[in-house]
Each structure stands twice: as structure tokens, then as C-alpha cells.
Amino acid sequence: MNWDAVAGRFTPPARLAVIGDPIAHSRSPQMHNPALRARGIDAQYIRVQVPAGQVAGAFRQFARCGFLGVNITIPHKFEALDAVDVIDPLARQLGAVNTLAVRAGKLHGHNSDGPGFLRSVKEAFGAEVKDLRVLVLGAGGGAGRAVAVQSALEKCPQLVLANRTAEKAQALAGEVAKLSPQTVVRVISWTDEAVSAMLPGVDLIVNATSLGMKSADGRLLPAAVIEARHLIFDMVYRADGETPLIADAKKAGAKVVDGLTLLLHQGAISFEHWFPGPAPLEVLREGLHMAVKM
Ligand SMILES: NC(=O)c1ccc[n+]([C@@H]2O[C@H](COP(=O)([O-])OP(=O)(O)OC[C@H]3O[C@@H](n4cnc5c(N)ncnc54)[C@H](OP(=O)(O)O)[C@@H]3O)[C@@H](O)[C@H]2O)c1
């Protein structure tokens, strides 16, 4: 790629980007560009497709071309960890970098999955994770890890982990237990019976699996066991309708939040890594919602 040509093609100049492979689907430019305009920042946010194995080289080129920061999406979050100069302690703990900030020529790597989860819970439920008994369904992938680590760092009273591949949940439980002696950490098996039996003793139920992305996906848990007092966080988001979990939870009278709110707060956190002060959240929200409707 001719980086100088790419950097010089845009007005306002390209100074922020999201990288992934594929990347055409990303709505981050529609979320961030109105916020840049609202703040009077002479910069544009673009999408750049970067193949696996080329993240470190791409980061150096972004820095050379005057970029301020980059968001990193599938499949580069893990490769990005080894491609930065300075790793934020939380990103190191989560084992992945999804936000790059270029400061004085140095590449700083951050992870917004955990902090975005906390902000989403606060906004959607008016609750703090430190006060909630949390169940993580899908405690085997990057998202489940972020939720479990962040919940333990918040010292939530109880953390229950379930994953299709049980060994991954067991390994994660060992790690998170060390972060918070106050938190009772349990692993349960990936069966309807085990999950259903656990639900009366939890407040916040998080879907961190990829189940629910496709309309053919089955139910994550039996609809009848969801109670009106439960707080349901589905990290999955579908532009073409609700996930089965969100639909079941609404029928049960439970409060819900989905992956779109998480995406919004992750965007705000990135913005705050790049520019001083609080991000213009409502401008980001409107941009994201408009992009999703298109
Ligand atoms: N909205 C946002 O901003 C945001 C941010 C992060 C993630 N997410 C979403 O969160 C989800 C997970 O992301 P990730 O990065 O953690 O993915 P990942 O690393 O690939 O992990 C996938 C997880 O889903 C489980 N899983 C996959 N298929 C399953 C099935 N058929 N039955 C039961 N469990 C299944 C896996 O279990 P095994 O370990 O057994 O394979 C694993 O725990 C994705 O849908 C992603 O889009 C959203």
C-alpha cells in the first residue's frame, strides 16, 4: 500500500483509522467522524484493511503518516499486543490490544472491552458491577475473558463462569480468583440444567459467546428461567433484529443491553485516549445509530 497517497487523499486529513480483515462492514467511521466535526478537530477517521501478520508494519506507517490513533478489530487484537511500544496494564491482563494511541511517536496499546462493559452496565442498568453477582456465558473467548477479569477487578461478590470448552473456563477461573480474594469464583458446566440452577443466585447474565449472531443460532438458555429482576447483557448485536436472548429477556420483563451500547462506549473510550476531556457521547451515539439504520 502507498501510505503517503492514502494519508494525503482525504480532506480533512486521515488521522484515525480502524483496521481489520475484513473491514468494510465497520461502522466506526460513521460514529467517529461526526464527533470529530462536533469538536472542531481537523481529522478524519477511515477504514484500512490490514492482512494478518502485517499489524506491526501498519502501526509504524500510521505513526509516520501523523495518525493519532487506531482501533483494532478481528482478527488483529492479539497481534496488536506485540506491535506496540507501551502496553497498558489492563490490556496486558486481557491479553489483547484494541485501541492504539500514538503519543510523541510512541505506540501505546489499550483495551476498551472491560471498561466499555462497565460503562454499558452503568448506563443501561444504573448499576455498578462491584455490587452484582455476575454469570459469564462464554468464558473462553476474548470477550468473556474481558468481562470476567474486569468484574474481578471490580471485586464483584460472585463470578460464575460457563463455557462450552470447560477447560478454558477453569483456566480463567484460576486467574481471576487471584485478582479478587473477595469474589467467590465458580465454574459450572455448559448444560441447560447447570445454568438454570445457577440463575436464582445471579443478578447480571452476560452472553460473551458468538451465539445469537445468526438467526439459525439456538437459545443460549431456556427462556422460562429468566426472571424480571435479571439484568441481561448480550455482547452480540444484530442489525436485523433482536437476538433470541434479548427477545426472551424482554418477554420476562428483564432489563437488557446489547453489543451496540458496548460498541458506543468503546468508541467513547477510544476518543478519550486520543483527545482530552470526555467524549461527545451523544454525537457518537447518533452517528452509530444512523449507520446501523442504513
Ligand atoms: N459489541 C462489541 O463491542 C463487542 C466487543 C467484543 C466482543 N463482542 C462479541 O462477543 C462475542 C464473542 O467475541 P470473542 O472475541 O470473545 O470471540 P471468541 O474469542 O471467538 O470466543 C467465542 C466464545 O463463544 C463460544 N462459542 C462459540 N460458538 C459456540 C457455540 N455454538 N456454543 C457455545 N459456545 C460457543 C466459545 O466457546 P469455546 O471456547 O468452547 O469455543 C467462546 O467462549 C462475539 O459475538 C463478538 O461479536 C462484541
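Below, the structure is looked at part by part. (Residues numbered from 1 in each chain as written. Predicted model: local features only at pLDDT ≥ 70, side-chain atom pairs only at ≥ 80, totals over all residues.)

A word on the pairing of strand β12 (residues 255–258). Across a regular strand the side chains alternate sides, sitting on one face of the sheet and then on the other. In this sheet, β12 lies alongside strand β11 (residues 231–234) in parallel orientation, the contact comprising four bridges. Each bridged residue has a counterpart across the sheet, and for Ile232 the counterpart in β12 is Val256. Tracing the backbone out of β11, into helix α10 (residues 244–251) and back to the parallel element β12 gives a crossover that is right-handed. (Pairing = 2+ DSSP bridges. Helix = DSSP H or I, 4+ residues; strand = E, 2+ residues; numbered from the N terminus. Right-handed = clockwise from strand over helix to strand, strands pointing away.)

This part is about unusual backbone geometry. For the bond running from Thr11 to Pro12, omega is -5°, close enough to zero to count as cis. Here Pro12 lies in the loop between α1 (3–8) and β1 (14–20). Note the cis peptide between Asp21 and Pro22, where omega equals 10°. With respect to the helices and strands, Pro22 occurs in the loop between β1 and α2 (28–38). Even without glycine at this site, Ala104 takes up a positive phi of about 50°. When you line up the elements, Ala104 lands in the loop between β5 (99–103) and β6 (106–110). Overall, Ala104 belongs to the exposed group, with 5 C-beta atoms counted inside 10 Å. Positive phi, normally seen in glycine, also occurs at Lys155, with a value near 60°. (Buried ≥ 20, exposed ≤ 12 C-beta atoms within 10 Å, placed from the backbone.)

Moving on, we come to the sheet that holds strand β7 (residues 133–137). Taken in spatial order, the six strands make up an open sheet running β9-β8-β7-β10-β11-β12, and their pairing is parallel. Every interior strand has two partners, whereas the edge strands, β9 (184–188) and β12, have only one. Going across the sheet, the axis of each strand differs from the next one's by a mean of 15°, ignoring polarity. Of the pairings in the sheet, the one linking β7 to strand β10 (residues 204–207) comprises four bridges and is parallel in character. Bridging from a neighbouring strand, Leu137 pairs with Asn207 of β10. (Axes fitted to C-alpha atoms, helices over the stretch in contact; angles between N-to-C directions.)

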